[in-house]
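Working through the structure, step by step
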Amino acid sequence: MHPDILWQLAAGHTRDLITEAGEARRAREARHAQRRRLAAHLRRSTRLAAQQPGPRRESRIPVTPAAGGRVEGSR
């Protein structure tokens, strides 16, 4: 095969590899950005929920006073 044709094939293949690598990088960055946005949303939601006034959810383990004024959990 003529050297110029080989060179053109190699150049085309290299371009394809660079294009694929760029697409993969952009997809990876988009997934990372999406995770960051979700994490920020969850942090804001959690912080806002913690600031809301109102009844707090009670523990499922009842607490009863023990002899001597100590408080202990009973299961």
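Residues numbered from 1 in each chain as written. Predicted model: local features only at pLDDT ≥ 70, side-chain atom pairs only at ≥ 80, totals over all residues. Heavy atoms only, no water.

Okay, the overall build of the protein next. Check the secondary structure of the protein and you find one helix and two strands. Taken from the N to the C terminus, the helices and strands of the protein come in the order α-β-β. Counting across all 75 residues of the protein, residues that qualify as buried make up 7%. As presented, the protein carries roughly 7,300 Å² of accessible surface, and 57% of it is formed by carbon and sulfur atoms. (Helix = DSSP H or I, 4+ residues; strand = E, 2+ residues; numbered from the N terminus. Buried < 20%, exposed > 50% of the residue type's maximum accessible area, 1.4 Å probe, protein only. Areas by Shrake-Rupley, 256 points an atom, 1.4 Å probe, with all protein chains shown as cover.)

Turning to the confidence of the model for the protein, a few remarks are in order. Low pLDDT means the predicted atomic positions in that stretch should not be read closely. When pLDDT is averaged along the protein, the result is 84; 72% of the residues meet or exceed 70. The weakest mean pLDDT in the protein belongs to strand β2 (residues 71-73) at 57; the strongest belongs to helix α1 (residues 3-51) at 94. (pLDDT = per-residue confidence, 0-100.)

On the surface, M1, I5, L6 and L9 cluster together to form a nonpolar patch covering roughly 440 Å² of accessible area. Classification of L6 as partly exposed rests on a relative accessible area of 46%. (Patch = residues over 30% accessible without salt bridge, like charges linked within 9 Å, V, L, I, M, F, W, Y side chains within 5 Å. Salt bridge = Lys/Arg side-chain N within 4 Å of Asp/Glu carboxyl O.)

For α1, which comprises 49 residues, the first-to-last C-alpha distance of 72 Å matches the rise-based estimate of 72 Å (1.5 Å per residue) to within 8%. Looking only at α1, the buried set comprises A11, G12, G22 and A40. (Expected span 1.5 Å × (residues − 1).)

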